[in-house]
Amino acid sequence: MVFKEEQYLRKIWLLPLFLVLSLLFGIILLVKDLFGDADLQGTIALTLLMLLMASVFWLLLTMKLEIRMDDWGLSFKSPPFINSWKKYSWGSIQKIEPVSARAIWGTGGIGIRYSLSGEWRYIFSVRHAIRVHLKKGSFVLSTRKPVELMAAWENWKIVK
């Protein structure tokens with residue numbers, strides 16, 4: 001049984017917020033230019049702010065988390081930051097357990113995070129996640145298919 005999943009950040013509530021804020025700053029910039037009220041510093045500041053907002057908007061559109069379980073082990077990547085697969089063989093994984101939504105929000109929200117407890121957390125969905133315990137350390141991956149992922153883990157745990 002091969003398990004594959006892709007999660008995108010574009011399905012979160014921040015995307016419309018950034019779009020509305022970008023449009024608002026664009027309208028302010030346009031109105032200031034039309035009425036001749038814009039000084040050079042104000043125009044440069046608003047332009048830089050719009051470029052920053054556009055960069056964050058692009059990042060939200062392109063970030064994703066890909067998870068794969070197959071006969072070799074568990075792999076994941078998160079472009080544009082982690083472009084190559086991080087691979088963990090079944091021999092290096094001790095256990096995989098579900099994580100509650102309350103624990104996910106305690107990590108600081110959505111995105112790629114490093115916790116004070118020393119584990120990386122790749123959270124792209126706040127409903128379900130798994131904690132992967134390795135021989136040395138652990139990490140957390142969010143999932144929108146918790147039942148299928150745990151079924152694949154049970155299958156591979158028996159096979160290995």
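Just above sits the structure.
Just so it is clear, the structure is predicted and the values come from calculations on it, not from any experiment.

1. Thoughts on the overall build of the protein chain
Working step 1: The number of helices and strands found in the protein chain is four helices and nine strands.
Working step 2: Here the protein chain holds 160 residues, and 38% of them are scored as buried.
Working step 3: Counting only contacts in the protein chain whose residues sit at least 6 apart along the sequence, the fraction spanning at least 24 positions is 53%.
Working step 4: Put simply, the protein chain shows about 9600 Å² of open surface, and 64% of that area lies on carbon and sulfur atoms.

2. Examining the packing of aromatic side chains
Working step 1: Going through the model one piece at a time under the given rule, you end up with seven aromatic pairs.
Working step 2: Taking the centre distance of 5.6 Å and the plane angle of 40° together, the rings of W90 and W153 count as tilted. Of this pair, W90 sits in the loop between β4 (82–89) and β5 (93–99) while W153 sits in helix α4 (residues 146–159), placing them 63 residues apart in sequence. Here W90 matches W153 in class, with each residue buried.
Working step 3: An aromatic cluster is built from F76, Y88, Y114, W120, Y122 and F139, whose rings are joined through pairwise contacts.

3. Comments concerning the nonpolar core
Working step 1: Core analysis: the largest hydrophobic core is formed by 28 residues, its most contacted members being M69, I93, I96 and L141.
Working step 2: Sorting the residues of this core by element identifies α2 (40–62), β2 (64–69), β3 (73–78), β4, β5, β8 (128–134), β9 (138–143) and α4 as the ones contributing at least two each.
Working step 3: Ranked by residue count, the leading element in this core is α4, at five residues.

Reading the values: the criteria
- Residues numbered from 1 in each chain as written.
- Predicted model: local features only at pLDDT ≥ 70, side-chain atom pairs only at ≥ 80, totals over all residues.
- Heavy atoms only, no water.
- Helix = DSSP H or I, 4+ residues; strand = E, 2+ residues; numbered from the N terminus.
- Buried < 20%, exposed > 50% of the residue type's maximum accessible area, 1.4 Å probe, protein only.
- Contact = heavy atoms within 4.5 Å.
- Areas by Shrake-Rupley, 256 points an atom, 1.4 Å probe, with all protein chains shown as cover.
- Phe/Tyr/Trp six-rings, centres within 6.5 Å; stacked < 30°, edge-to-face > 60°.
- Core = buried A, V, L, I, M, F, W, Y, C linked by side-chain atoms within 4.5 Å.

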